[in-house]
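# Structural features, examined
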Amino acid sequence: MPSLQTSAENEPKKRRGRVLSMVAALAVLGGGLAVGGSLAYGSSDGAGDSDAVSKGAEALVQKDGFPAVLAAVEDRHGNVRDYTAGTGDMKTDADVPENGQVRAGSNTKSFTAAVVLQLVGDGKVKLDEPIETYLPGLIRGEGIDGKRITVRNLLQHTSGLPEYTQALGTNPFKIRDRYYNPRETLDLALSEKAAFEPGAKWQYSNTNYVVAGLLVEKVTGRPFGEVLTNRVIRPLGLKDTYWPKVGERGIRDTHPKGYGSTTPGGQLKDISRLDPSQAWAAGQLVTTPRDLNRFFSALLGGEVLNAAELKEMKTTVAADEGSPTPNTEYGLGLFRTPLSCGEDLWGHGGSIHGYESFSGVTDDGRAATVATTALSMAVAAEPEEMAKAHKHIQDLTETAICK
């Protein structure tokens, strides 16, 4: 966050800077932190019904300017409905494929956290052990010491590790074909000073999950993507979800094209072909709305973790600093978002150039994922409008859940 000035005449500038910082932090690999005002997007007298979800999806296209919207909604009885709006290809005006593949962005963090917690359950990792134990000598920098940062701090975003994505810039076309080794992105972060003392506060940082991925590789002796595939994707039968190979830039199966812009709110251009190594264990996964619903339902339903590790994952800290949305909390790779209908939504969000999404499930078995084919920062020019567009994706997820 930028330092805050105190003079009254600088208040508009202060607010603009705060909003831009929040949105920028989520822009490349961001999560589900809510920003902006509350709006039951797509709600009507039958809020949450099929018509309301359809209208909400259309509003994301017509009002917010997203090229396309994909959604999958599952009720407590297991009935699933798919929704689409907009165009799957701005050049040919092709239909948006139902349940098409999208880049998951930071929804990947929930998968990564699940793998680490499985290793905890296997007795190979301890949550309150310093990361120094597993990656000796690696986490070092100004005010940064791996001996004082625990595995829990990483998964919980309370480590104080600085954010590396700011060094990547906001123009996706400059780095779309650039391969980043995870040690390289970590070095970008470690060149900055610590954001705060470990455990002192909560602050979202993609760097935490790059380190978590390196932890998995060190403990298992295998590539992170292989471990994730064998431990989560295959056992759950997520047939449309995969971990891209090194250097793989396309999306394998049927998908809507994703779009980016060189400047906020600028002309949208196809950015579907992208090297996702910039995200790695923090956001590299490719999936579909239905597969995300299946994953989060299985995760919260006890199919992925033992009861003890799932309890740890759902043990939360306040995560609404800098956001006007109250009571948002974060566990270990999992947001808890209170909904207007009295339910809690357990899930995550994800943003990577070309795609933005929000996904989650309730304790009674309802699930919803909404995905768009551009970032909020790509379709809106002003920080406040970016924040609103970002929030509208979450609002439509809430509409879909609150039936």
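Residues numbered from 1 in each chain as written. Predicted model: local features only at pLDDT ≥ 70, side-chain atom pairs only at ≥ 80, totals over all residues. Heavy atoms only, no water.

## What about the overall build of the protein chain?
Condition: Put simply, DSSP H or I for four residues or longer makes a helix, DSSP E for two residues or longer makes a strand, and each gets a number counted from the N terminus. Only protein chains enter the accessibility calculation, which uses a 1.4 Å probe; a residue whose area is less than 20% of its type maximum is buried, one above 50% is exposed, and one in between is partly exposed. What makes two residues a contact is simply this: any of their non-hydrogen atoms within 4.5 Å. Using a 1.4 Å probe, the Shrake-Rupley method yields the accessible areas, and only the shown protein chains count as cover for residues.
Regarding its fold elements, the protein chain presents 12 helices and 14 strands. Burial status across the protein chain gives 58% buried among its 403 residues. Sequence separation of at least 24 residues holds for 70% of the intrachain contacts in the protein chain that already meet a minimum separation of 6. For the protein chain, the exposed area adds up to about 15600 Å²; of that, 46% sits on carbon and sulfur atoms.

## Topic: the side chain of N208
Relative to the helices and strands, N208 resides in helix α7 (residues 207-220). For N208, a relative accessible area of 1% corresponds to the buried category. If near-sequence neighbours (up to four positions away) are discounted, N208 is found in contact with L154, H157, S159, L161 and Q203.

## Quick look at the state of the cysteines
Two cysteines whose sulfur atoms are joined by a covalent bond form what is called a disulfide. Convention followed: By definition, disulfides here are pairs of cysteine sulfur atoms that lie within 2.5 Å.
Here the structure, examined in full by the defined rule, presents one disulfide. Residue pairing for C341: its cysteine sulfur links by disulfide to C402, the two sulfurs lying 2.1 Å apart. Classification of the bridge connecting C341 and C402 rests on its S-S torsion, roughly -65°, and on that basis the disulfide is left-handed. Of this pair, C341 sits in the loop between β11 (335-338) and β12 (344-352) while C402 sits in the segment after α12 (383-401); the two residues are 61 residues apart in sequence, bridging distant segments of the chain.

## A short note on the pairing of β11
The following threshold applies: Note: two strands are recorded as paired if DSSP finds a minimum of 2 bridges between them.
With two bridges connecting them, strand β10 (residues 329-330) and β11 associate as antiparallel partners. Note on β11: the bridge partner recorded for Y330 is F335. Two strands pair when backbone bridges link them, and β11 and β12 are joined in this way by four bridges, in the antiparallel orientation. Pairing of T337 across the sheet is with L345, part of β12. What sits between the antiparallel neighbours β11 and β12 is a turn of five residues, in which G342 has the positive phi angle 90°.

## Concerning the packing of helix α3 (residues 108-121) against helix α8 (residues 224-233)
For clarity, the threshold we go by: Orientation is described by lines fitted to C-alpha atoms, with helices fitted over the stretch in contact, and by angles between N-to-C directions that extend from 0 to 180 degrees. Note that the term roughly parallel is reserved for angles under 35 degrees, roughly antiparallel for angles over 145, roughly perpendicular for angles of 65 to 115, and oblique for everything else. Note on residue categories: nonpolar means Ala, Val, Leu, Ile, Met, Phe, Trp, Tyr, Cys or Pro, charged means Asp, Glu, Lys or Arg, and polar means any other residue, Gly included.
At a minimum axis distance of 10 Å, the contact between α3 and α8 shows a crossing angle of 80°. With respect to α8, the element α3 is oriented roughly perpendicular. Taking contact as the criterion, the partners of F111, T112, V115, Q118 and L119 in α3 are, on α8, F224, V227, L228, R231 and V232. A per-class count over the contact of α3 with α8 returns seven nonpolar, two polar and one charged.

## A few points about the pairing of strand β2 (residues 80-86)
Bridge analysis of strand β1 (residues 68-74) against β2 gives seven bridges, and the strand direction is antiparallel. Residue pairing in the sheet places A72 in a bridge with D82 of β2. Taking the residues between adjacent antiparallel strands as the criterion, β1 and β2 are bridged by five residues, where G78 takes a positive phi near 90°.

## Overview of the environment of P244
Residue placement: P244 occurs in the loop between α8 and β6 (259-260). Looking at P244, the relative accessible area reads 4%, which means it is buried. Spatially, the C-alpha atom of P244 lies 6.9 Å from that of L285, the residues being 41 residues apart in sequence. Non-local contacts of P244, meaning those with residues more than four positions away in its chain, are made with R252, P276, Q284, L285 and V286.

## Regarding the packing of helix α2 (residues 50-62) against α12
Where α2 contacts α12, the two axes come as close as 9 Å, and the packing angle between them is 170°. It follows from the interaxial angle that α2 and α12 lie roughly antiparallel. Across from A52, V53, G56, A57 and L60 in α2, the residues of α12 making contact are H392, I393, L396, T399 and A400. A per-class count over the contact of α2 with α12 returns seven nonpolar, three polar and no charged.

## Focus: α2
In plain terms, the rule: Any helix carries an expected span of 1.5 Å times its number of residues minus one.
Over its 13 residues, α2 extends 18 Å from the first C-alpha to the last, a length consistent with the 18 Å expected when each residue adds 1.5 Å. Looking at α2, one finds that the buried residues are A52, V53, G56, A57, A59, L60 and V61. On its buried face, α2 is in contact with β1, β2, β14 (367-372) and α12.

## Overview of the sheet that holds strand β13 (residues 355-361)
Strand order in the open sheet formed by eight strands is β2-β1-β14-β13-β12-β11-β10-β9, with antiparallel pairing between adjacent strands. This sheet does not close on itself; its edge strands, each paired only once, are β2 and β9 (317-318).

## Some points on the confidence of the model for the protein chain
Basically, it comes down to this: The predictor attaches a confidence to each residue, and that confidence, scored 0 to 100, is pLDDT.
Across the protein chain, pLDDT averages 89, with 86% of residues at or above 70. For the stretch residues 1-28, pLDDT sits under 50, and the model shows 44 contacts to residues farther than four places along the chain or on other chains. Counting interchain partners and residues more than four positions distant, the pLDDT-below-50 stretch residues 32-48 has 60 contacts.

## Brief notes about the packing of aromatic side chains
Stated formally: Stacked, tilted and edge-to-face are the three classes assigned to paired rings of Phe, Tyr and Trp, where Trp is represented by its six-membered ring and a pair needs centres within 6.5 Å; plane angles under 30 degrees give stacked, over 60 edge-to-face, the rest tilted. We count a charge as sitting over a ring when the NZ of a lysine or the CZ of an arginine lies within 6 Å of the ring centre and within 35 degrees of the ring normal.
Scanning all chains against the criterion turns up eight aromatic pairs. Ring geometry for F295 against F296: centres 5.0 Å apart, planes inclined by 65°, an arrangement best described as edge-to-face. Residue F295 is classed as buried on the basis of its relative accessible area, which comes to 0%. A relative accessible area of 0% means that F296 is categorised as buried. The structure contains a cluster of three or more aromatic residues connected by ring pairs, namely W202, Y204, Y330 and F335. The ring of Y180 carries the charged tip of R178 above its face, separated from the ring centre by 4.4 Å. Between K314 and the ring centre of W346, over which it is positioned, the NZ or CZ distance is 4.8 Å.

## What about the nonpolar core?
Which entries qualify depends on this criterion: Only buried residues count toward a nonpolar core, which is a set of Ala, Val, Leu, Ile, Met, Phe, Trp, Tyr and Cys residues joined through side-chain atoms within 4.5 Å.
Of all hydrophobic cores here, the largest spans 69 residues; its most connected members are I139, L155, L228 and L299. For this core, the elements supplying multiple residues, two or more each, are α3, α4 (151-156), α6 (182-190), α7, α8, α9 (289-300) and α10 (307-313). Ranked by the residues each element gives to this core, the list is headed by α3, at eight residues. Other than its neighbours up to four places away in sequence, L299 contacts A114, V304, L305, L310, M313 and L334.

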